[in-house]
Amino acid sequence: MTDLVVLGATGSIGTQTLEVAKRLDCTVRAIAARSPSPALRALAAEWPDAVIVVAEPAAGSEDVLAGTGNELLVGPEAVVAVAGEGGAVVVNGIVGSAGLAASVAALDAGNRLALANKESLVAGGSVVTAARDSGGGELIPVDSEHSAIWQLLVGEDPATIRRIVLTASGGPFRGLTRDALTVVTPEEALEHPTWSMGRRITIDSATLMNKAFEVIEAHHLFGLDYSAIDVVVHPQSVVHSLVEFVDGAVTAELGVPDMRVPIQYAITYPERVSAPVEPLSLTGLDLTFEPPDVDTFPGLALGYEAGRAGGTAPAVLNAADEVAVAAFLDGRIGFLDIPAVVARTLEEVPHTVPGTVADVLAADAAARDTARNVVAAHPRMRR
Ligand code: NAD
Ligand code: MG
């Protein structure tokens, strides 16, 4: 029976993970979320033996959990502590660079890290992979594209990969012009055509910044050069990604879009077990592929640029995007301002080579300060 630690348990990935955990009869050791909420209380009641961790306790945190009987820990250190207890599979479904320290702690402890929190690899790629290599842990992707590639590489020699192709849905604004994008609202941007996810990743899907992060994530996970990582827009989200080998063979992983599949596989790998997932019906499927429109959606090019620059540049990219997305959701900037804020911040914050989580978080903090200033100085930059 697997011991699980579920970080970001009240979110989209977290709740689906707990559904999988129940079905697989896992022991859930710990459940962590940012703040106390009725949803967290409900999880505490459902998992009475799990330690409940609240990263950012507000006054009255204990009240929300009163009467549940679960052990309660508070503070970001407690999230890191539960991730860093050995013998567990840690599913990291935290959103943002706030998930980095827990990822490193899990790998330092030799745990299996089932990683949804791509920001860990975007911001701290070299630090995370070094922790995997020195701690003896396993780093298994949950992100659907990366899980697809992981599955396609089972039994293959990584040296025989010519390139990988990440599929992108294109988001809700695929096909729109920049003019049309000047007036889109947060509500429209939050309407993702194929996946139901948290707010930040949904906005990142609309700007293609999510795919930028996934390119950097793939670079670190699979040790590939950026020239061997391509992106194709595939609006149906049925082909989850592809691998092209040196002999010209191209393999792809297909399925209905359902995150419970990659979540479960990251937990059970190398085994497969049955899941109540809608079967893929091949007849009548109309699968289309088109190149990404990088002029309209410059976020993707920014990702390659920051990835190739290396060092703390991707951490700056992510932190600036976190600030810009929050400002867009609050109505302080327009949709096209998101990549503009990120580009400006990348220009202004100097890059260094990080050796530790603290180095990454220092670059992250500097980028947030700069991005906030860019937002404040240029309200509605493109409107
Ligand atoms: P979400 O907003 O639905 O949930 C985020 C969770 O993280 C919540 O439980 C929240 O309480 C918790 N959290 C936030 N800050 C925290 C902190 N400082 N400490 C501890 N917990 C904290 O987000 P989501 O859509 O579930 O995405 C989570 C991660 O998974 C992101 O990195 C996202 O890019 C990635 N991901 C999500 C999907 C998806 O289908 N939702 C797919 C691929 C990758
Ligand atoms: Mg993805």
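Definitions and limits used
Residues numbered from 1 in each chain as written. Chains lettered and ligands numbered in written order. Predicted model: local features only at pLDDT ≥ 70, side-chain atom pairs only at ≥ 80, totals over all residues. Heavy atoms only, no water. Domains from an automatic or database assignment. Contact = heavy atoms within 4.5 Å. Buried area = accessible area lost by both parts, 1.4 Å probe. Salt bridge = Lys/Arg side-chain N within 4 Å of Asp/Glu carboxyl O. Helix = DSSP H or I, 4+ residues; strand = E, 2+ residues; numbered from the N terminus. Nonpolar A, V, L, I, M, F, W, Y, C, P; charged D, E, K, R; others polar. Near = heavy atom within 4 Å. Polar contact = N/O pair within 3.5 Å; in protein donor to acceptor, adjacent residues only side chain to side chain. Donors = N, O, S within 2.8 Å, 3.2 Å for Na, K, Ca; no water. Buried < 20%, exposed > 50% of the residue type's maximum accessible area, 1.4 Å probe, protein only. Pairing = 2+ DSSP bridges. Axes fitted to C-alpha atoms, helices over the stretch in contact; angles between N-to-C directions. Parallel < 35°, antiparallel > 145°, perpendicular 65-115°, else oblique. Left-handed = near helix turned anticlockwise from the far one by under 90°. Patch = residues over 30% accessible without salt bridge, like charges linked within 9 Å, V, L, I, M, F, W, Y side chains within 5 Å. Areas by Shrake-Rupley, 256 points an atom, 1.4 Å probe, with all protein chains shown as cover.

Engineer: Tell me about the domain arrangement of the chain, and please be specific about residues and values.
Structural biologist: It is common to give the size of an interface as the accessible area that goes away when the parts come together. By domain assignment, the chain separates into domain 1 (3-142) and domain 2 (146-255 + 278-377). The C-alpha-based centres of domain 1 and domain 2 are spaced at 24 Å. With 22 residues of domain 1 at the contact, the number on the domain 2 side is 27 residues. Buried surface at the junction of domain 1 and domain 2, summed over both partners, amounts to about 1900 Å²; 67% is from carbon and sulfur atoms. The largest share of the area that domain 1 buries against domain 2 comes from Lys118, Val122 and Pro141, three residues that together contribute 33% of it. For the pair domain 1 and domain 2, the interface holds two salt bridges. Those elements that place two or more of their residues in the side of domain 1 that touches domain 2 are α5 (100-108), α6 (119-135) and β7 (138-141). Among the elements that line the side of domain 1 that touches domain 2, the one with the most residues is α6, at ten residues. Counted by class, the side of domain 1 that touches domain 2 contains twelve nonpolar, seven polar and three charged residues.

Engineer: Kindly report on the site of ligand 1, identifying the contributing residues and their values.
Structural biologist: Taken together, 23 residues sit near ligand 1, with Thr10, Ile13, Arg34, Glu119 and Gly198 positioned nearest. Between ligand 1 and Glu119, the relevant distance is 2.6 Å, taken from an oxygen atom to a side-chain nitrogen or oxygen of the residue. When its residues are assigned to classes, the shell around ligand 1 shows eleven nonpolar, seven polar and five charged. When residues of the shell around ligand 1 are sorted by domain, at least three fall in each of domain 1 (3-142) and domain 2 (146-255 + 278-377).

Engineer: Tell me what's going on with the coordination of the magnesium ion (ligand 2), and back it up with residues and numbers.
Structural biologist: Donor atoms from the polypeptide that bind the magnesium ion (ligand 2) are Asp143 (OD), Glu145 (OE) and Glu214 (OE), placed at 2.1 to 2.3 Å. The motif formed by the donor residues of the magnesium ion (ligand 2), counted along the single chain, is D-x1-E-x68-E. There is no split in this pair, since Asp143 and Glu145 are both buried.

Engineer: Give me the sheet that holds strand β11 (residues 250-254): which residues, what numbers.
Structural biologist: Strand order in the open sheet formed by four strands is β9-β8-β10-β11, with mixed pairing between adjacent strands. Looking at the sheet topology across the chains shown, the edges are occupied by β9 (229-233) and β11. Pairwise comparison of adjacent strand axes, ignoring direction, gives a mean angle of 20 degrees for this sheet. Two elements, strand β8 (residues 161-168) and strand β10 (residues 239-245), share five bridges in a ladder whose sense is antiparallel. Across the sheet, the residue bridging to Ile161 is Phe245, located in β10.

Engineer: Account for the packing of helix α15 (residues 337-348) against helix α16 (residues 357-377), naming residues and giving values.
Structural biologist: Between α15 and α16, the shortest axis-to-axis distance is 9 Å and the interhelical angle comes to 130 degrees. Taken together, α15 and α16 sit at an angle that is classed as oblique. Considering the relative orientation of α15 and α16, their crossing is right-handed. Judged by residue contacts, Val341, Arg344, Thr345 and Glu348 of α15 engage Ala367, Thr370, Ala371, Val374 and Val375 from α16. When grouped by side-chain class, the residues that make up the contact of α15 with α16 number five nonpolar, two polar and two charged.

Engineer: Hey, could you go over a nonpolar patch on the surface for me, with residue numbers and the actual values?
Structural biologist: Residues Leu254, Leu282 and Leu285 make up a contiguous nonpolar surface patch of roughly 250 Å² in combined accessible area. On the secondary structure map, Leu285 appears in the loop between α12 (260-268) and α13 (299-309).

Engineer: Give a detailed account of the packing of helix α14 (residues 313-329) against α16, specifying residues and quantitative values.
Structural biologist: Pairs of packed helices are described in terms of their axes, by the angle between the two and the distance that separates them. Between α14 and α16, the least distance of the axes is 8 Å, while the angle of their chain directions is 40 degrees. One way to sum up the angle between α14 and α16 is to call them oblique. Between α14 and α16 lies a crossing of right-handed hand. Facing α14, whose interface residues are Ala315, Val316, Asn318, Ala319, Ala320, Glu322, Val323 and Ala327, α16 presents Val360, Ala363, Asp364, Ala367, Arg368, Ala371, Arg372 and Val375.

Engineer: Explain the pairing of β9 to me, using residue names and the numbers behind them.
Structural biologist: Taken across its five residues, β9 has four buried, putting it largely inside the fold. Across five bridges, the pairing between β8 and β9 is parallel. Paired with Thr167 across the two strands is Val232, which belongs to β9.

Engineer: Would you mind going over unusual backbone geometry in detail, with residue names and values included?
Structural biologist: Pro270 follows Tyr269 through a cis peptide bond whose omega is 5 degrees. Checked against the element boundaries, Pro270 lands in the loop between α12 and α13. Of note, Leu208 is a non-glycine position whose phi angle comes to about 75 degrees, a positive value. Judged by its relative accessible area of 5%, Leu208 falls in the buried class. Unusually for a residue other than glycine, Ser237 sits at a positive phi of about 55 degrees. Relative to the helices and strands, Ser237 is located in the loop between β9 and β10. Residue classification places Ser237 among the buried positions, given a relative accessible area of 6%.

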